[in-house]
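# Chains, contacts and geometry: an overview
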Amino acid sequence: MAFSIKTFAIAAVLGALAGPALAQTAATPWELKPDTGYAYDKDGKTYSYKMGTSNAGELLKGAKKVPRGTLFFLGHNGQLYMRTGPYLEGDGRFKFGPDQ
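The sections below set out a description of the structure shown in this document.

What follows concerns the pairing of strand β4 (residues 80–84). Where strand β3 (residues 70–74) meets β4, 5 bridges bridge the pair, whose relative direction is antiparallel. Counterpart to Phe-73 in the pairing with β4 is Tyr-81. Two successive antiparallel strands, β3 and β4, enclose a turn made up of 5 residues, where Gly-78 displays a positive phi of approximately 85 degrees.

Attention now moves to the pattern of salt bridges. Per the counting criterion, the structure on display carries 1 salt bridge. For Asp-91, the salt bridge goes to Arg-93, with nearest N and O atoms at 2.8 Å. Both residues of the pair, Asp-91 and Arg-93, count as exposed.

Quick look at the packing of aromatic side chains now. Two descriptors summarise a pair of aromatic rings, namely the distance from one centre to the other and the angle between the planes of the rings. Enumeration over the complete set of coordinates arrives at 4 aromatic pairs. With a centroid separation of 6.3 Å and an interplanar angle of 40 degrees, the aromatic rings of Trp-30 and Phe-72 are classed as tilted. Of the two residues, Trp-30 sits in the loop between α1 (5–18) and β1 (36–40) while Phe-72 sits in strand β3, which places them 42 residues apart along the sequence.

Criteria and cut-off values
- Residues numbered from 1 in each chain as written.
- Predicted model: local features only at pLDDT ≥ 70, side-chain atom pairs only at ≥ 80, totals over all residues.
- Heavy atoms only, no water.
- Pairing = 2+ DSSP bridges.
- Helix = DSSP H or I, 4+ residues; strand = E, 2+ residues; numbered from the N terminus.
- Salt bridge = Lys/Arg side-chain N within 4 Å of Asp/Glu carboxyl O.
- Buried < 20%, exposed > 50% of the residue type's maximum accessible area, 1.4 Å probe, protein only.
- Phe/Tyr/Trp six-rings, centres within 6.5 Å; stacked < 30°, edge-to-face > 60°.

Here it is, written out as structure tokens:
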């Protein structure tokens, strides 16, 4: 089964969001691993898979690059969403952070 780069990125976001909310004011970088595929399945579950290179061409068929400046998040309904466009204030604070 081939996974798109978009699916890979979405699953990575889910993994980052699934952990405890550590820093509400500071962003923390993701640590995506090479040769690992990340999946968000039709039931909303996330998985990671060890990948090989023998069929990389097939993996890239139909895959799309995730645009820079893309924000992924889970809605209150548990649905994964993505949004392009500004998500930081002019001073670098997260635009959608908790009220202070």
